[in-house]
Structure formats: C-alpha cells, structure tokens
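Descriptive structure summary
Chain residues, written in single-letter form:
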Amino acid sequence: MPIGVSVSSPPHPGFGTKVRDRRDGRIGTIAGQLVEHDSENGRLLRRRVFVRPLGGGLEWEAEPKDLETA
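Everything quoted here is computed from the prediction, not taken from an experiment. (Residues numbered from 1 in each chain as written. Predicted model: local features only at pLDDT ≥ 70, side-chain atom pairs only at ≥ 80, totals over all residues. Heavy atoms only, no water.)

**Quick word on the packing of aromatic side chains**
- One pass over the full model with this rule turns up 0 aromatic pairs.
- The lysine or arginine in question, Arg26, covers the ring of Trp60, its NZ or CZ lying 4.1 Å from the ring centre. (Phe/Tyr/Trp six-rings, centres within 6.5 Å; stacked < 30°, edge-to-face > 60°. Lys NZ or Arg CZ within 6 Å of the ring centre and 35° of its normal.)

Written as structure tokens, this is what we have:
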C-alpha cells in the first residue's frame, strides 16, 4: 500500500440494493465497499463497490458510476 493512503470499509449506504452493472448488464446486490483516502489531506482516492450476483456466486468489483438501480 502506498504511503499516505488510509483504507476503510464503512457500510455502503445502499447495502443490499439490487443494481445493474452498465458495463456488462450483470445484476446483483451491493455487498460492501472499500474506501481509500489520502491520509495526509483526507481526499477520497478511490471507492470500490462489491456486488454479489443474484442467486449467489463470486462477487465482482465495480465503480459507483457504473452501477444503476435495477
């Protein structure tokens, strides 16, 4: 991990929400997120959202901008 980066896993506000990934059309529910901030100035560096397929299976990672409510 680069110096100056803090990582947290606060609950995603949409936990359990059914979403569609615009990149490939997959549908699942929001299972969690990982948030990275610059520990020097608090600036948001990256937010990764994890989506679980309906019916189970391997979660995938998506950018928040690629998800829409399904």
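**Observations regarding the pattern of salt bridges**
- One pass over the full model with this rule turns up 10 salt bridges.
- A salt bridge links Glu68 to Arg20; its shortest N-O distance comes to 2.8 Å. Of the two residues, Glu68 is situated in strand E6 (residues 67-69) and Arg20 in strand E2 (residues 18-21); the sequence distance between them amounts to 48 residues.
- Of the residues examined, Glu68 reaches a relative accessible area of 27% and is grouped as partly exposed.
- With a relative accessible area of 29%, Arg20 lands in the partly exposed category.
- Here Glu61 ties to Arg48 by a salt bridge, and the two come within 3.9 Å at their closest N and O atoms. Pair noted here: Glu61 is in strand E5 (residues 60-62) and Arg48 is in strand E4 (residues 44-53), with a separation of 13 residues, a long-range link.
- Under the relative-accessibility criterion, Arg48 is labelled buried at 18%.
- Sharing partners across several salt bridges, the network here consists of Asp21, Arg23, Lys65 and Asp66. (Salt bridge = Lys/Arg side-chain N within 4 Å of Asp/Glu carboxyl O. Helix = DSSP H or I, 4+ residues; strand = E, 2+ residues; numbered from the N terminus. Buried < 20%, exposed > 50% of the residue type's maximum accessible area, 1.4 Å probe, protein only.)

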